[in-house]
Amino acid sequence: MLTHAWRKSSRSGPNGACVEARLADEGVEIRDTKLTVSPILRAGRADWVSLLRTTGR
C-alpha cells in the first residue's frame, strides 16, 4: 500500500533507473529518480488504478 512517502517501483532496475510514487491529496505523484531534478507527474486515483491494471499490477 502506498503512503505519503516515496516508494520505489518493484520493476525498477539496479542501475539507479527508478520510478517512485506516493499518495497525494487528489491521487498519486510519480517521479524519475535517475534525474537530478525530476518533474513530478500527477495522476488521479482512477487513472492510477487504470495504469496498474494495464501493467498487470
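Look up a bit, the structure's there.
All of these numbers come straight from a predicted model, not from anything done at the bench.

Parameters and conventions
Residues numbered from 1 in each chain as written. Predicted model: local features only at pLDDT ≥ 70, side-chain atom pairs only at ≥ 80, totals over all residues. Heavy atoms only, no water. Salt bridge = Lys/Arg side-chain N within 4 Å of Asp/Glu carboxyl O. Buried < 20%, exposed > 50% of the residue type's maximum accessible area, 1.4 Å probe, protein only. Helix = DSSP H or I, 4+ residues; strand = E, 2+ residues; numbered from the N terminus. Pairing = 2+ DSSP bridges. Core = buried A, V, L, I, M, F, W, Y, C linked by side-chain atoms within 4.5 Å. Contact = heavy atoms within 4.5 Å. Polar contact = N/O pair within 3.5 Å; in protein donor to acceptor, adjacent residues only side chain to side chain.

Asker: So, the pattern of salt bridges: which residues are in play, and what are the values?
Answerer: On inspection of all chains with the given rule, the structure shows four salt bridges. One salt bridge in this structure joins Glu29 and Arg22, with 2.7 Å as the shortest N-O distance. For Glu29, a relative accessible area of 9% gives the class buried. Of the charged contacts, one joins Arg42 and Glu29 as a salt bridge, the two residues approaching to 3.0 Å between their closest N and O atoms. With Arg42 in strand S4 (residues 41–44) and Glu29 in strand S3 (residues 27–32), the pair connects residues that are 13 residues apart, well separated along the chain.

Asker: Summarise the sheet that holds S4; cite the residues concerned and give the values.
Answerer: Read from one edge to the other, the open sheet built from four strands follows the order S1-S2-S3-S4, with strand pairing classed as antiparallel. Each edge of the open sheet carries a strand with a single partner, namely strand S1 (7–8) and S4. In the sheet, S1 pairs with strand S2 (residues 19–24) via two bridges, with the strands oriented antiparallel. Considered in S2, the bridge of Lys8 is made with Glu20.

Asker: Could you give an account of the nonpolar core, with specific residues and numbers?
Answerer: One finds Ala21, Val28, Ile30, Ala43 and Trp48 forming the largest nonpolar core, which totals five residues. Apart from the residues lying within four places of it in its own chain, the contact partners of Ala43 are Glu26, Gly27, Val28 and Ile30.

Asker: Requested: an account of the environment of Trp48, with residues and values cited.
Answerer: Looking at the secondary structure, you find Trp48 in helix H1 (residues 45–54). Exposure remark for Trp48: the relative accessible area of 17% places this residue in the buried category. Separated by 21 residues in the primary sequence, Trp48 and Gly27 place their C-alpha atoms 7.6 Å from one another.

Asker: Lay out the side chain of Glu29 with the relevant residues and their values.
Answerer: Separated by 2.7 Å, the side chains of Glu29 and Arg22 make a polar contact. Here the side chain of Glu29 touches Arg42 through a polar contact of 3.0 Å, side chain to side chain. The residues contacting Glu29, other than those within four sequence positions of it, are Trp6, Glu20, Ala21, Arg22, Ala24, Ile40, Leu41 and Arg42.

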